[in-house]
Amino acid sequence: MTTILVTGGTGTLGRLVAERLRADGHGVRVLSRHTQPYAVDLREGGGALDAAVTGVDTIVHCASAQKGDEQAAANLIRAARGAGVRHLVYISIVGVDRVPLRYYKSKLAVERLVEESGLGWTVLRATQFHDLLVMVLHGLSKLPVLFLPAGVRDQPVEVAEVADRLVELAAGAPAGRVEDLGGPEVRTFESLARAYLKASGRRRAVVNVPLWGAAYRGFRSGGHLTPQRAVGKGTFEEYLVGRFGGGQVRTGSGRSQA
């Protein structure tokens, strides 16, 4: 078994990755800004980061933020090269090369840093997690009317399935850019919102609003979707039942909505 460092190891995804790696018998180091003994801000790097990667065979890079990801990745790669790390696994997002959102552009830039790092590397792109979609819908439903971007679809995936795939990749040899991991259903954003409202017991009028800009056009055209890689098993309704309880929520949507 190997020693594996998980960055962002206390987050939604990283925590599950760390748990599964430990269950498989690997030595696991969890790196986050506030968790000892490897409390490191990747954007700053330094001696604490060097110590965290010393003796590590593989890094699973799950840490991410709205700002500073490129600097964080550059610092991590520099430290990994110095420590002789064999394999760097990076989790990215489907559509980072097709949707001109600032955060997506940063994720794409990190992909390129990983590819050019000189390390053995693997990059997995996944669609949005169920957890993130519910967080967004929760915020939108604070108003009496739930306003949604018109014409947008989504393909949410269960985070535990992404964690399982990352663990599989971390235990293997560097594989480059692997096939995307998408949720089992491509759904209209409205159908997902209505399922959320029903499961959470909220009553809101739903209004689809046309937006503007290149990022919106990218989402509307489905740049963030991977229908040919709808390999996830857990549906949004199953997630909602686990999150809110109650019986199975049904929308009558089938497996795919245009």
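Located above this text is the structure these notes cover.
Residues numbered from 1 in each chain as written. Predicted model: local features only at pLDDT ≥ 70, side-chain atom pairs only at ≥ 80, totals over all residues. Heavy atoms only, no water.

Novice: Outline the nonpolar core, listing residues and values.
Specialist: Core analysis: the largest hydrophobic core is formed by 27 residues, its most contacted members being Leu13, Val17, Val162 and Leu166. Those residues in contact with Val162, other than ones at most four positions away along the chain, are Leu13, Ile91, Leu124, Ala126, Phe129, Val157 and Leu181. (Core = buried A, V, L, I, M, F, W, Y, C linked by side-chain atoms within 4.5 Å. Buried < 20%, exposed > 50% of the residue type's maximum accessible area, 1.4 Å probe, protein only. Contact = heavy atoms within 4.5 Å.)

Novice: Got a sec to walk through helix 4 (residues 102-115)? Specific residues and values, please.
Specialist: The end-to-end C-alpha distance of helix 4, which contains 14 residues, comes to 20 Å, matching closely the 20 Å that a straight helix rising 1.5 Å per residue would cover. Those residues of helix 4 that fall on the buried side of the exposure criterion are Tyr103, Tyr104, Ser106, Lys107, Leu108, Val110, Glu111 and Val114. Elements that come into contact with the buried residues of helix 4 comprise helix 3 (69-83), strand 4 (87-93), strand 5 (120-126) and helix 8 (214-220). (Helix = DSSP H or I, 4+ residues; strand = E, 2+ residues; numbered from the N terminus. Expected span 1.5 Å × (residues − 1).)

Novice: Any details on unusual backbone geometry? Residues and values, ideally.
Specialist: Of note, the bond from Gln36 into Pro37 is cis; its omega dihedral lies within 30 degrees of zero at 5°. Relative to the helices and strands, Pro37 resides in the loop between strand 2 (27-31) and helix 2 (47-53).

Novice: Which residues make up the pattern of salt bridges, and what values go with them?
Specialist: Within the structure shown, the criterion is met by 13 salt bridges. The shortest N-O distance in the salt bridge between Asp97 and Arg125 comes to 3.2 Å. Placement of the pair is Asp97 in the loop between strand 4 and helix 4 and Arg125 in strand 5, with a sequence separation of 28 residues. Assessed through its relative accessible area of 4%, Arg125 is described here as buried. One salt-bridge network, held together by shared partners, links Asp97, Arg98, Glu111 and Arg125. (Salt bridge = Lys/Arg side-chain N within 4 Å of Asp/Glu carboxyl O.)

Novice: Tell me about the sheet that holds strand 4, and name the residues and values.
Specialist: Taken together, the 6 strands give an open sheet; going across it, the order is 2-1-3-4-5-8, and neighbouring strands pair in parallel fashion. Both edges of this open sheet fall to strand 2 and strand 8 (176-177), since each of them pairs with a single strand only. Sheet topology places strand 5 next to strand 8; 2 bridges connect them, and they run parallel. Counterpart to Val123 in the pairing with strand 8 is Arg177. (Pairing = 2+ DSSP bridges.)

Novice: Kindly report on the packing of helix 1 (residues 12-23) against helix 6 (residues 159-170), identifying the contributing residues and their values.
Specialist: Two quantities define a packed helix pair, namely the angle between the helix axes and the distance between the axes. In contact at an axis separation of 9 Å, helix 1 and helix 6 are set at 50° when each is read in the N-to-C sense. The angle between the axes of helix 1 and helix 6 places the two elements in the oblique class. Crossing hand, helix 1 versus helix 6: right-handed. For the pair formed by helix 1 and helix 6, the contact residues are Thr12, Leu13, Leu16, Val17, Arg20 and Leu21 on the first element and Val159, Ala160, Val162, Ala163, Asp164, Leu166 and Val167 on the second. Residue classes in the contact of helix 1 with helix 6 are distributed as 10 nonpolar, 1 polar and 2 charged. (Axes fitted to C-alpha atoms, helices over the stretch in contact; angles between N-to-C directions. Parallel < 35°, antiparallel > 145°, perpendicular 65-115°, else oblique. Left-handed = near helix turned anticlockwise from the far one by under 90°. Nonpolar A, V, L, I, M, F, W, Y, C, P; charged D, E, K, R; others polar.)

Novice: Outline the packing of aromatic side chains, listing residues and values.
Specialist: Aromatic ring pairs: the centre-centre distance and the angle between the two ring planes describe each pair. Applying the stated criterion across every chain, the model contains 3 aromatic pairs. Plain terms: the ring middles of Tyr104 and Phe219 are 5.9 Å apart, the flat faces sit at 75° to each other, and that makes the pair edge-to-face. You can see Tyr104 sitting in helix 4 and its partner Phe219 sitting in helix 8, a full 115 residues away along the chain. Both residues of the pair, Tyr104 and Phe219, count as buried. Aromatic pair Phe236 and Tyr239: ring centres 6.5 Å apart, planes at 15°, arrangement stacked. Taken together, the residues span about one helical turn, with Phe236 and Tyr239 both in helix 9 (residues 236-244) at a distance of 3 residues. Both residues of the pair, Phe236 and Tyr239, belong to the buried class. (Phe/Tyr/Trp six-rings, centres within 6.5 Å; stacked < 30°, edge-to-face > 60°.)

Novice: Let's hear about the environment of Pro227: which residues, and what values?
Specialist: With respect to the element layout, Pro227 can be found in the loop between helix 8 and helix 9. Considered as a pair, Pro227 and Val207 are 20 residues apart in the sequence and their alpha carbons are 26 Å apart. Filtering out sequence-adjacent residues up to four positions away, Pro227 remains in contact with Gln155 and Val186.

Novice: Lay out empty space enclosed by the protein in plain terms, naming residues and giving numbers.
Specialist: For the structure on display, the rule yields 1 cavity of 30 Å³ or more. Roughly 30 Å³ of internal volume is contained in the largest cavity. In terms of lining residues, the largest cavity is bounded by His130, Pro156, Pro184, Glu185, Arg187, Gly234, Thr235 and Phe236. Taken together, the residues of the lining of the largest cavity sort by class into 3 nonpolar, 3 polar and 2 charged. (1 Å grid on protein atoms, 1.4 Å probe; cavity = no way out; pocket = protein on both sides within 12 Å on 5 of 7 lines; lining within 4 Å. Points joined across faces, edges and corners; volume = space filled by probe spheres on them.)

Novice: Break down the pairing of strand 3 (residues 58-61) for me, with residues and values.
Specialist: Burial along strand 3 is two-sided: the face carrying Thr58 and Val60 and the face carrying Ile59 and His61 are both buried. One ladder, built from 4 bridges, connects strand 1 (residues 3-7) with strand 3; its direction is parallel. From the neighbouring strand, Ile4 faces strand 3, where its bridge partner is Thr58. In the sheet, strand 3 pairs with strand 4 via 4 bridges, with the strands oriented parallel. For His61, the partnering residue across the bridge sits in strand 4 and is Tyr90. Traced from strand 3 through helix 3 to strand 4, the parallel crossover comes out right-handed. (Right-handed = clockwise from strand over helix to strand, strands pointing away.)

So far we have only geometry, and geometry alone does not tell us how the molecule works.
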